[in-house]
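A structural walkthrough
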Amino acid sequence: MAGRASVQADKKSFTLPQVPKIAIYLVGFIPAVWLFYAGVTDQLGADPMRYLEQGLGLWALRFLIATLTITPLRQLFSINLLRYRRALGLLAFYYAALHLTTYLVLDQGLDVAAIVADIVKRPYITIGMATFIILVPLAVTSNNAAIRRMGGQAWAKLHRLVYVAAIGAALHFLLVVKSWPPEPLVYAAIVAVLLGYRLLRSMVKKTSPRRRPA
């Protein structure tokens with residue numbers, strides 16, 4: 001009966017027409033290409049370095065949010081996009097790496113003393129660095145070989161750190177802007193809703209009585 005029920009559930013799920021995963025990466029990098037092109041052609045306004053840094057960081061946050069949206073879409077609306085979650089997560093990491101590289105190379109000129117001083121004195125830099133460090137092992141293990149090597153349970157436990165990374169990324173964005181305009185608050189609210197949904201669902205599962213097999 002359980003097998004039949006799972007088959008029926010799979011049939012009810014709505015799977016969008018499959019798109020090659022490489023297309024996700026190609027489309028996903030369009031904003032980065034445009035940002036760097038606009039920077040080279042002097043189209044980023046009065047403070048191009050700040051615009052470039054924040055633009056890349058914002059896209060990292062957007063892709064991180066997109067990654068977290070996959071599960072609720074499947075559970076609440078039966079929209080199955082699981083095959084694209086890894087690509088979206090890696091895009092979030094790649095944009096975070098570009099964001100960090102822009103800060104280290106173009107903004108600070110690889111001045112180690114200045115970078116260390118920023119990390120110590122500015123909380124949003126500290127949080128941003130910590131968030132990127134969390135993303136590194138998630139990106140490195142986002143492959144089938146890592147799942148086989150670590151085992152499914154250990155791999156899943158490690159990748160729950162994406163929730164911590166999402167909180168760090170949203171907080172980093174909030175602290176970067178000195179006055180809080182609506183945009184970072186909206187992104188922080190989206191992250192809060194996505195994580196709150198997971199917490200609530202986990203609590204409901206723990207409190208609901210388990211059915212015994214007949």
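Calculation rules
Residues numbered from 1 in each chain as written. Predicted model: local features only at pLDDT ≥ 70, side-chain atom pairs only at ≥ 80, totals over all residues. Heavy atoms only, no water. Helix = DSSP H or I, 4+ residues; strand = E, 2+ residues; numbered from the N terminus. Buried < 20%, exposed > 50% of the residue type's maximum accessible area, 1.4 Å probe, protein only. Contact = heavy atoms within 4.5 Å. Patch = residues over 30% accessible without salt bridge, like charges linked within 9 Å, V, L, I, M, F, W, Y side chains within 5 Å. Areas by Shrake-Rupley, 256 points an atom, 1.4 Å probe, with all protein chains shown as cover. Salt bridge = Lys/Arg side-chain N within 4 Å of Asp/Glu carboxyl O. UniProt positions renumbered as here; feature names shortened; annotations may be inferred. Expected span 1.5 Å × (residues − 1). 1 Å grid on protein atoms, 1.4 Å probe; cavity = no way out; pocket = protein on both sides within 12 Å on 5 of 7 lines; lining within 4 Å. Points joined across faces, edges and corners; volume = space filled by probe spheres on them. Nonpolar A, V, L, I, M, F, W, Y, C, P; charged D, E, K, R; others polar. Core = buried A, V, L, I, M, F, W, Y, C linked by side-chain atoms within 4.5 Å. Polar contact = N/O pair within 3.5 Å; in protein donor to acceptor, adjacent residues only side chain to side chain. Phe/Tyr/Trp six-rings, centres within 6.5 Å; stacked < 30°, edge-to-face > 60°.

**So, the side chain of H172**
Tracing the backbone through its elements, the reader meets H172 in helix α10 (residues 161-176). The class for H172 is buried, based on a relative accessible area of 16%. Apart from residues lying up to four places away in sequence, H172 is in contact with H99, Y124, I127 and G128.

**Remarks on a nonpolar patch on the surface**
On the surface, F36, V105, L106 and L110 cluster together into a nonpolar patch covering about 340 Å² of accessible area. With respect to the helices, strands and loops of the structure, F36 is situated in helix α3 (residues 30-40). When its relative accessible area of 31% is taken as the criterion, F36 is described as partly exposed.

**Describing the UniProt feature "transmembrane region" (unreviewed entry) in the protein chain**
Under the local residue numbering, the UniProt record ascribes the feature "transmembrane region" (unreviewed entry) to residues 22-39, 59-76, 88-106, 122-140, 161-180 and 186-204. Helix makes up 95% of residues 122-140 and strand makes up 0%, while its end C-alpha atoms are separated by 28 Å. Counted over residues 161-180, helix gives 80% and strand 0%. Its end C-alpha atoms are 27 Å apart.

**Quick look at α10**
Think of an α-helix as turning once every 3.6 residues; residues three or four places apart then point the same way. Its 16 residues place the ends of α10 22 Å apart at the C-alpha level, agreeing with the 22 Å of an ideal helix rising 1.5 Å per residue. Taken together, the buried positions of α10 are occupied by V162, A165, A166, G168, A169, A170, H172, F173, L174 and V176. Where the residues of α10 are buried, they touch α4 (48-77), α5 (85-107), α7 (123-140), α9 (152-159) and α11 (182-207).

**Topic: the layout of surface pockets**
The calculated volume of the largest pocket comes to roughly 940 Å³. Lining the largest pocket are 30 residues, with T71, R85, H159, V162 and Y163 sitting closest to its centre. Going through the elements one at a time, α4, α5, α7, α9, α10 and α11 are the ones with two or more residues in the lining of the largest pocket. Taken together, the residues of the lining of the largest pocket break down into 14 nonpolar, seven polar and nine charged. Of the voids in this model, the second largest pocket is the one considered here, and its volume is about 650 Å³. The wall of the second largest pocket is formed by 31 residues, among which E53, H99, Y124, H172 and V176 lie closest to the centre. Every element with two or more residues in the lining of the second largest pocket is listed here: α4, α5, α7 and α10. In terms of residue class, the lining of the second largest pocket is built from 17 nonpolar, seven polar and seven charged.

**Thoughts on the nonpolar core**
If you look at soluble globular proteins, the nonpolar side chains tend to sit buried side by side. Ranked by internal contacts, the top residues of the largest apolar core, which has 45 residues, are L61, L64, L135 and V191. Elements that contribute at least two residues to this core include exactly α3, α4, α5, α7, α10 and α11. Residue contributions to this core peak at ten residues, all from α4. Apart from residues no more than four positions distant in its own chain, V191 is found in contact with L61, I65, A166, I167 and A170.

**A few points about the environment of N143**
Mapped onto the elements of the fold, N143 is located in the loop between α7 and α8 (144-150). Classification of N143 as partly exposed rests on a relative accessible area of 25%. In sequence terms N143 and R86 are 57 residues apart; their C-alpha atoms lie 8.3 Å from each other. A distance of 3.3 Å separates a polar side-chain atom of N143 from the backbone nitrogen of A145. Within the structure, the side chain of N143 is placed 2.7 Å from the backbone nitrogen of A146, a separation counted as a polar contact.

**Some points on the packing of aromatic side chains**
In total, this model carries eight aromatic pairs according to the counting rule given. Ring centres of F29 and Y94 lie 5.9 Å apart, and the angle between their planes is 20°; on these two criteria the pair is classed as stacked. Of this pair, F29 sits in the loop between α2 (21-28) and α3 while Y94 sits in helix α5, and the two are 65 residues apart along the sequence. On the basis of relative accessible area, Y94 is assigned to the partly exposed category, the value being 31%. In this structure an aromatic cluster arises from ring pairing among F29, W59, F63, F93, Y94, Y95 and F132.

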